[in-house]
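The residues making up each chain are set out below.
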Amino acid sequence: MPETYSEKLECRHCRNIAPMRVAGTVADTKEDEQQDSPPVAYGTLYELLSCPKCEQITMRSGFWHDGMEPEEWSTTIIYPSERPRIQGLPPDVEREFRAAEQVAPISANAYAVLLGRVLDAVCDDRNASGKSLHERLTDLATRQEIPGNLVGMAHNLRQLRNVGAHANLGDLTTQEVPVLEALCRAVLEYVYAAPKLVERVERLVAKLKGT
């Protein structure tokens, strides 16, 4: 039996964008009996899709009925859940962060190296001074762009980046990937997302006071 493929989709596991192989379909439907007419089946259709790059499974679902054309089927991805996006990222920082996300399932070492590029992009965006990433992060802390305890976390990420970039220092494993992501997200959310949230709250407060 020939394999079938979906339209182009972004895999939430590895961020690859490509048609996915339909690994299985489950129909949760019922028939509506109609007088003098054939019964009409309708209900929810579930699809299991396999990413051609990481081979992880995506599940989506949508309402279906007899006579519906494939292109009319509107679906929602129910697994895996979407990672929350970090608000307020400048384009260069967003691009570097998304590039890092794409290699996370493939290589922890490469992920650490690319997250180091994310920190470099943050330093460039915030006009940090210094010759090394260590000096530039310290400059951001001195200017209170990053709190002291958070810059310590950023330095930890920088050190893990060095391990990932040099084979003689050893190898990072998949166990370090969540730690790497948490460290980087903490920096990005403080520098970019938190100020955006404060601005939004201030606007809401001002609107309430004006009523």
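In case you missed it, the structure is sitting above this.
The text that follows walks through the structure, step by step, so that each part is easy to find. Computed from a predicted model, the values in this text were never measured in an experiment.

Judged by nonpolar contacts, the single largest core of 35 residues is most densely connected at Val-93, Phe-97, Leu-115, Leu-137, Ile-146 and Leu-188. Elements with a contribution of two residues or more to this core: α1 (91-103), α2 (108-125), α3 (133-142), α4 (148-165) and α5 (177-209). At 10 residues, the largest contribution of residues to this core is made by α2. Beyond its immediate sequence surroundings of up to four residues, Val-93 is in contact with Val-118, Ala-121, Val-122, Leu-188 and Tyr-192. Residues Met-20, Val-22, Leu-49 and Cys-51 belong to the second largest nonpolar core, which totals 7 residues.

Once that is clear, we can look at the pairing of strand β4 (residues 57-65). As a general feature of sheets, a regular strand has side chains that alternate between the two faces. Bridge analysis of strand β3 (residues 37-50) against β4 gives 9 bridges, and the strand direction is antiparallel. Each bridged residue has a counterpart across the sheet, and for Leu-45 the counterpart in β4 is Gly-62. The antiparallel pairing of β3 with β4 creates a hairpin that spans 6 residues between the two strands, and Glu-55 there sits at a positive phi of about 65°.

The subject of this paragraph is the layout of surface pockets. In this structure, the largest pocket spans a volume of roughly 330 Å³. Looking at the lining of the largest pocket, the elements with two or more residues in it are β1 (5-10), β2 (17-34), β3 and β4. Among the elements that line the lining of the largest pocket, the one with the most residues is β2, at 4 residues. When the residues that make up the lining of the largest pocket are grouped by side-chain class, the tally is 8 nonpolar, 5 polar and 4 charged. Estimates place the volume of the second largest pocket at around 160 Å³. His-13, Arg-83, Glu-101, Ala-104, Pro-105, Tyr-111, Thr-174, Val-177 and Glu-181 are the residues that line the second largest pocket. Across the lining of the second largest pocket, the residue classes tally to 4 nonpolar, 2 polar and 3 charged.

With respect to the helices, strands and loops of the structure, Ser-6 is situated in strand β1. In the structure, Ser-6 is positioned 184 residues away from Tyr-190 in sequence and 38 Å away in space, judged by C-alpha atoms.

Evaluated as defined, the whole model comprises 15 salt bridges. Glu-82 is paired through a salt bridge with Arg-12; the nearest N and O atoms lie 3.7 Å apart. Note that Glu-82 is positioned in the loop between β5 (76-79) and α1 and Arg-12 in the loop between β1 and β2, a separation of 70 residues in sequence. For Glu-82, a relative accessible area of 36% puts it in the partly exposed group. Measuring nitrogen to oxygen at the nearest pair gives 3.3 Å for the salt bridge that ties Arg-143 to Glu-145. Through salt bridges that share partners, Arg-85, Glu-94, Glu-101, Glu-181 and Arg-185 make up one connected network.

How each quantity is defined
- Residues numbered from 1 in each chain as written.
- Predicted model: local features only at pLDDT ≥ 70, side-chain atom pairs only at ≥ 80, totals over all residues.
- Heavy atoms only, no water.
- Core = buried A, V, L, I, M, F, W, Y, C linked by side-chain atoms within 4.5 Å.
- Buried < 20%, exposed > 50% of the residue type's maximum accessible area, 1.4 Å probe, protein only.
- Helix = DSSP H or I, 4+ residues; strand = E, 2+ residues; numbered from the N terminus.
- Contact = heavy atoms within 4.5 Å.
- Pairing = 2+ DSSP bridges.
- 1 Å grid on protein atoms, 1.4 Å probe; cavity = no way out; pocket = protein on both sides within 12 Å on 5 of 7 lines; lining within 4 Å.
- Points joined across faces, edges and corners; volume = space filled by probe spheres on them.
- Nonpolar A, V, L, I, M, F, W, Y, C, P; charged D, E, K, R; others polar.
- Salt bridge = Lys/Arg side-chain N within 4 Å of Asp/Glu carboxyl O.

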